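Structural features, examined
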Amino acid sequence: MRKIIVFLFFTMTLAFHSSCSKDGEADGNNSSSFLSVTVNNSNHSAVKLNKSSIAIPDDSWLTDDIDFASRSGVVVENEAIYALTEDGIAKINRENGQIVWNVELCDFPEGNLCLYQNTIFTSSDECFYAIDKKTGNSIWSIDLQHPISTTPIVINNKVIISDESKGVYALNILNGELDWFYAIVEGSHNSIPLFSDNKLFIASAYGMIHTINPETGAKINIYKTCSDPSYCSEINTPIMLVDDNLVFANVSSDVFAITKEGTVIWKYKHPSPTKIQFKGIAYAAGKIILTGRTNESKDITLCIEKTNGTLLWQYIHGNQNKISHPMIVNESFVLIGSSVGLDNLDINTGTLIWNKKVMKASSSSVYNQCNSHIAVTDEDIIYISTDGNLVRVKL
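Everything numeric here is computed off the predicted structure, so don't read it as measured data.

1. Notes on the overall build of the protein chain
- Scanning the protein chain from N- to C-terminus turns up zero helices and 35 strands.
- Counting all 395 residues of the protein chain, 60% fall into the buried class.
- For the protein chain, long-range pairs separated by at least 24 residues make up 49% of all intrachain contacts whose partners lie at least 6 apart in sequence.
- Counting every atom, the protein chain has about 14,500 Å² of accessible surface; 44% of that belongs to carbon and sulfur.

2. Let's talk about the state of the cysteines
- For the structure shown, the criterion picks out one disulfide.
- A sulfur-sulfur separation of 2.0 Å characterises the disulfide bridge that pairs Cys226 with Cys232. Measuring the twist about the S-S bond at about -90°, one finds the Cys226-Cys232 disulfide to be left-handed.
- Judged by relative accessible area, which is 31%, Cys226 ranks as partly exposed.

3. Brief notes about the sheet that holds strand β24 (residues 264-269)
- The sheet built from four strands is open, its strands ordered β21-β22-β23-β24 with antiparallel pairing. Each of the sheet's edge strands pairs with one partner strand only, and the pair in question is β21 (240-242) and β24. Between one strand axis and the next, the sheet turns through 20° on average, direction left out of account.
- Two elements, β21 and strand β22 (residues 245-249), share three bridges in a ladder whose sense is antiparallel. When the bridges of β22 are listed, Val242 appears paired with Asn245.

4. Let's talk about the pattern of salt bridges
- Counted according to the given criterion, the structure contains eight salt bridges.
- In this structure, Glu215 and Lys158 form a salt bridge, with 3.2 Å as the shortest nitrogen-oxygen distance. Linking Glu215 in the loop between β19 (208-212) and β20 (219-224) with Lys158 in strand β14 (residues 158-162), this pair joins segments that are 57 residues apart in sequence.
- Within the structure, one salt-bridge network assembled from shared partners comprises Lys158, Asp179 and Glu215.

5. Comments concerning the environment of Ser165
- Along the chain, Ser165 turns up in the loop between β14 and β15 (167-172).
- In sequence terms Ser165 and Glu186 are 21 residues apart; their C-alpha atoms lie 6.5 Å from each other.

6. Notes on the nonpolar core
- In this structure, Val247, Val255, Trp266, Phe278, Ile288, Leu290 and Ile304 are the most contacted members of the largest nonpolar core, which totals 17 residues.
- Listed by contribution, the elements that provide at least two residues to this core are β21, β22, β23 (254-258), β24, β25 (276-284), β26 (287-294) and β27 (299-305).
- Broken down by element, this core gets its largest block of residues, four residues, from β25.
- For Val255, the residues in contact, after removing those within four places along its chain, are Val247, Phe248, Ala249, Trp266, Lys267, Tyr268, Phe278, Leu290 and Ile304.

7. Side note on the sheet that holds strand β10 (residues 119-124)
- Overall, antiparallel pairing links the four strands, which are arranged β9-β10-β11-β12 in an open sheet. The sheet is open, and its two borders are formed by β9 (113-116) and β12 (138-143), each paired with just one other strand. When strand polarity is set aside, the average angle formed by the axes of neighbouring strands in this sheet is 15°.

8. Quick look at the pairing of β27
- Among the seven residues in β27, six count as buried, and that is most of the element.
- Two strands pair when backbone bridges link them, and β26 and β27 are joined in this way by seven bridges, in the antiparallel orientation. Bridge pairing in β27 places Gly292 opposite Ile300.
- The antiparallel pairing of β26 with β27 creates a hairpin that spans four residues between the two strands, and Ser297 there sits at a positive phi of about 60°.
- Note that β27 and strand β28 (residues 311-316) share five bridges and pair antiparallel.

9. Things to note about the packing of aromatic side chains
- What the rule picks out here adds up to six aromatic pairs.
- With a centroid separation of 6.4 Å and an interplanar angle of 5°, the aromatic rings of Phe121 and Phe128 are classed as stacked.
- Ring centres of Phe248 and Phe256 lie 5.3 Å apart, and the angle between their planes is 20°; on these two criteria the pair is classed as stacked. Pair check on accessibility: Phe248 and Phe256 agree, each one buried.
- Ring-pair connections join several aromatic residues into one group, and the members of that group are Phe121, Phe128 and Trp140.
- A cation over a ring is seen here: Lys166 above Phe181, with NZ or CZ 5.5 Å from the ring centre.

10. Considerations on the confidence of the model for the protein chain
- Mean pLDDT over the protein chain: 78, with 74% of residues reaching 70 or higher.
- Taken as a whole, residues 1-18 scores under 50 in pLDDT and shows 97 contacts with residues more than four places along the chain or in a different chain.
- Counting interchain partners and residues more than four positions distant, the pLDDT-below-50 stretch residues 22-48 has 112 contacts.

Analysis parameters
Residues numbered from 1 in each chain as written. Predicted model: local features only at pLDDT ≥ 70, side-chain atom pairs only at ≥ 80, totals over all residues. Heavy atoms only, no water. Helix = DSSP H or I, 4+ residues; strand = E, 2+ residues; numbered from the N terminus. Buried < 20%, exposed > 50% of the residue type's maximum accessible area, 1.4 Å probe, protein only. Contact = heavy atoms within 4.5 Å. Areas by Shrake-Rupley, 256 points an atom, 1.4 Å probe, with all protein chains shown as cover. Disulfide = S-S within 2.5 Å. Pairing = 2+ DSSP bridges. Axes fitted to C-alpha atoms, helices over the stretch in contact; angles between N-to-C directions. Salt bridge = Lys/Arg side-chain N within 4 Å of Asp/Glu carboxyl O. Core = buried A, V, L, I, M, F, W, Y, C linked by side-chain atoms within 4.5 Å. Phe/Tyr/Trp six-rings, centres within 6.5 Å; stacked < 30°, edge-to-face > 60°. Lys NZ or Arg CZ within 6 Å of the ring centre and 35° of its normal. pLDDT = per-residue confidence, 0-100.

What follows is the structure, encoded as structure tokens:
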């Protein structure tokens, strides 16, 4: 039986962002649902909290028999949790962890979820689906013939999704028909489209930022992160808006801040001999928080000053390549999932405030290891652990 892990926190107040863009803008009014790594206009990978500190949580247990997809995210809305499984998608009762419905999709899901009104948009290998959130029935589906491992967004009645090796698709929200297609020859891999100022920004596997007209799919601009005419290092974090500029990082120890027109504001290069494959990015208190994996097989979090790219601190978590996008950031702390459980760091110094492990019986292994995306609501933090458990942190 799979376990749903439930932690208990003291009460706190949260600021919210919705799980999908709506009518051309991120919907900031729907506070019932949030998917951490989808596009919004404030913060990509985390939610800001008003509380200055949180206590180390207690834990209790619920049981279930579903294997969840450990690298995907979850969406929470009112009484429901929606999460990808190893062979499909499930709706879970938020209060007691019981399965409401469980639907098989075409293959192992490697993408993410987007909840828009009554529809869940998600992918399973090369297939893309619109699913009724109440019943789990498929409204429509389309085979894009290329693997999908990113998060869809909704803009002006279009679902925008990128695949790993071909390009960006705009699909009709009602029937899945193709509205436009933008080719990225080098592929876009894990990049999530960012929507801002009526433009789409998306990173390619060769380290380029493509700017696209969201209505027509026409190219506006291409920014290259290096001078090589054919290849730059892959951008592996979401593109995040900081003071109306674009901030992102790649797999070769580089962090960039550029204008939307492509002018470089600053570039941070992590010093040798350590090399970092960056993964997550978040922003609070004038600081950019990044997570990643070093060439020394260590999970790492870095804090960089937003105006000039100066390194302020770094923290090593563990050495099992299991670290989340930043879970929560605010003016005081950063809460991150890693191979050693939950780490709560002081945002100003990088000092560990506390660590929470949930240990397996008669074993030294940690249950709540995390490298998935995180959902945050007014009541809880929910994510999928690396061994397929659904983890719920109650606030």
